[in-house]
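# Inside the fold
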Amino acid sequence: MPDGDMAGLLSDGQLDALSGAWNLLPTYLTPHIVLCATALTLGLVISLPLAALITDRPWLRRLVLAFASLIQTIPGLALLALFYPLLLALSALAASFLGFSIPALGFLPTLLALTLYAILPILRNGVVGLNGIDSAVVEAAEGVGMTPWQILMRVRAPLATPVIMAGVRTATVWTIGAATLSTPVGQTSLGNYIFTGLQTENWVSVAFGCVAAAGLALVADLFLGLVETGASERNRKRVVVGIAGLALGTLAGLAPLFSARAVTYTIGAKSFSEQYILADLIGDRLRADGVGVTRKDGLGSSIAFRALAHNDIDAYVDYSGTLWRNVMGRTDTPSREVMLREIAGWMKAKYGVTVLGALGFENAYVLAMKGERARTLNITSIADLARVAPELTIGDDLEFLGRPEWTSLKSVYGLSFKRRRSFNPTMMYHAIETGEADVISAYSSDGRIAALDLIALADPKHAIPSYDALILIAPRRAADKRLKRALAPLIGAIPIEAMRHANLMVDRDIDKASPEEAARALAKAVHLQPR
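Before going into details, it helps to say that this report is about the structure given with it.

Cut-offs applied
- Residues numbered from 1 in each chain as written.
- Predicted model: local features only at pLDDT ≥ 70, side-chain atom pairs only at ≥ 80, totals over all residues.
- Heavy atoms only, no water.
- Helix = DSSP H or I, 4+ residues; strand = E, 2+ residues; numbered from the N terminus.
- Buried < 20%, exposed > 50% of the residue type's maximum accessible area, 1.4 Å probe, protein only.
- Contact = heavy atoms within 4.5 Å.
- Areas by Shrake-Rupley, 256 points an atom, 1.4 Å probe, with all protein chains shown as cover.
- Core = buried A, V, L, I, M, F, W, Y, C linked by side-chain atoms within 4.5 Å.
- Axes fitted to C-alpha atoms, helices over the stretch in contact; angles between N-to-C directions.
- Left-handed = near helix turned anticlockwise from the far one by under 90°.
- Nonpolar A, V, L, I, M, F, W, Y, C, P; charged D, E, K, R; others polar.

## Brief notes about the overall build of the chain
- Along the chain, the regular secondary structure elements total 22 helices and ten strands.
- Relative to its full complement of 531 residues, the chain shows a buried share of 50%.
- A separation of at least 24 residues holds for 75% of the contacts in the chain among residues at least 6 apart in sequence.
- Accessible area for the chain stands at about 24000 Å²; split by element, carbon and sulfur atoms hold 62% of it.

Here's what the structure looks like:
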C-alpha cells in the first residue's frame, strides 16, 4: 500500500505508534526467537528419544502421554507463574549448598514452561509415526539381520519422519504463540507489545504484536512444511530449502545480538501506566549519562521485588505500602516517616536492597465511585460504603482482593460486596464508567479519578498505609555511584499533580500519549531535563 494511502487510513497518532512499534521490533523479536528456538530444540531432544522408548511399551506409553496431556491442560500463564516459586526455592538451595543462585525470572522459567508445552505434539506424533509402520516392512528388516537399533534408525524413523514433522509444526506454532505470555515473568518477547498496549490502550501496539507473532509462526510453519512434504515425497531439495530457510530466518532474527550494544542497566516496571512512565523517566536519565538500558515490563508486584532482590533487574519504583504489607508482612500503620525509615533499614539488612528515596508523591490504593452515584447513596467514606456494599459490585485490578490491603479493609470496615469482577487496570476504569462496577480499587495518583468525576472515598480509620513512590536499587548496584548520581535528582522532585497529569496523558481516550512522551513531559514539568 502506498504511503499516502496508509496515511489516509491512520491518524498521526496511530502512525507514530506504528513507527514506535516498528522501531522496537528487533528488541522484542530477537529474544522471542531465541526463546522459541531453544524450547523447540529441547522439546525435540526430549520427545524423540522418549517416543522411541515408549512406542513398543503400551503401559509406559499410556502413562507418559497422559502426563504430557495433563501439562497441556494447564493455562500457559499459570504454568509460567508456577515455575517462578519453584526456581526461587531451587535458587535458595543452590546458594546455600553450592554457592551460586539460579535465575528465577525471565528466560529460564519461560524456557521450562514452553519446553513442556512443545513435548506433547512431537511425542504423540512420534509414537503414531513409529507405530504406523507396516509390520511387513519391519519383518523384512528383521529378516535381513538388522538389529532393533538399525531398524529404528534406518527404517522406522525415516518412514515416520513426515508424521513427526507434522507434530513439530504444531509444537512450533503453539510455542511461538505461548511465548507472548512470558512478559509478566520478566522475559522480553513479542508479548511486550500486547501487554503494554492493553494497559495503555495502544491498540496499534496490540495489533502489531499479534501480527508479528502470527507472522513469525506462519513463516516458521512454511519452512517446516517444506521439510515435511520433502520427507514424505523423498524430495531432498525441499528438505534442504526448508532447513536453510529456517536457519537463515533464525540468523536474521538473531542479528541484533551481534551488534555493538552498551547495555548496562535493567529497569523493571509493573503492569500499569505510571510504572511504564517512571521506568522511561529513569531510563532517559541513564541514557543521557551515556549508558545502555534494557527493560523488564509488566511484572507482578511480588515478582518485581524478588527480581530486584535477586539482581535480575537493577532498579525500579515500588510503593511503601506494598513493601510494608506484602514484602515485610507488617499489619500496623505507623506514620509515614517511621514507615520509610523502617523500610529502608529492613530492606538493607534483609536483602541488601537500597532505598534511594521517595519521588515526592503517593500512589495509594483508594476505593472510588462515580460522583453522581456516591452522592445519590450519600457515600463519602469507606465507612459509609460498608452500609450499602452488600448491594454493590466491586471491580478490582486482578490482584487487589488478594492483597493484605483488602484484608485490612474488610477487617476494619466489615466490607462485603454482592459481586466481584476483576479487570486489567485500564479496563477497570471503563467498567465503572459504563456501570459494570459500582466501586473500583483505584489509585490516588491516577488522573482518571478527576477526569471521570470519580470520588476517592475517605479512609477515616487508616486501614490502608501510605504509599510513597520509592526508587529501589538492587544489591549488586548498592555501591554504583553512576546509577545513584543519575537518579538522585528524581528524589523529592515529582509532586502528585505532575504525576497525575502524566498518567492522564497516557490513559485518556483522546490525544493519547505514549509512556515515553509522558515521561519526557513529566521531566520537563518538574525541571528534570537530562544532563
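Moving on from the coordinates now.
## Remarks on the nonpolar core
- Leu367, Leu385, Leu409 and Leu415 are the most contacted members of the largest nonpolar core, which totals 78 residues.
- Not counting the four nearest positions on each side in its chain, Leu385 is found in contact with Leu367, Met369, Ile379, Leu392, Leu415, Phe417, Val439 and Leu457.
- Listed in part, the 30 residues of the second largest apolar core include Val185, Leu299, Ala307 and Ile313.

## Things to note about helix H13 (residues 320-327)
- For H13, the buried fraction is high: six of the eight residues fall into the buried class.
- Of all the residues in H13, the buried ones are Ser320, Gly321, Thr322, Leu323, Trp324 and Arg325.
- Downstream of H13 by one or two residues, Gly329 has phi in the positive range, about 75°.

## Thoughts on unusual backbone geometry
- In this structure, His462 takes a positive phi of about 55° despite not being glycine.
- Here His462 is to be found in the loop between strand S9 (454-456) and strand S10 (468-473).
- Not every positive phi belongs to a glycine, and His527 is a case in point at roughly 60°.
- Considering the arrangement of structural elements, one finds His527 in the segment after helix H22 (515-525).
- Residue classification places His527 among the exposed positions, given a relative accessible area of 71%.

## Remarks on the packing of helix H3 (residues 58-73) against helix H5 (residues 107-131)
- Running from N to C, H3 and H5 point in directions that differ by 145°, and their axes come no closer than 8 Å. Here H3 and H5 pass one another in a crossing that is left-handed. Two secondary-structure elements touch here, H3 through Arg61, Val64, Leu65, Ala68, Ser69, Ile71 and Gln72 and H5 through Leu116, Tyr117, Leu120, Pro121, Leu123, Arg124, Val127 and Asn131.
- Within the contact of H3 with H5, the residues separate by chemical class into ten nonpolar, three polar and two charged.

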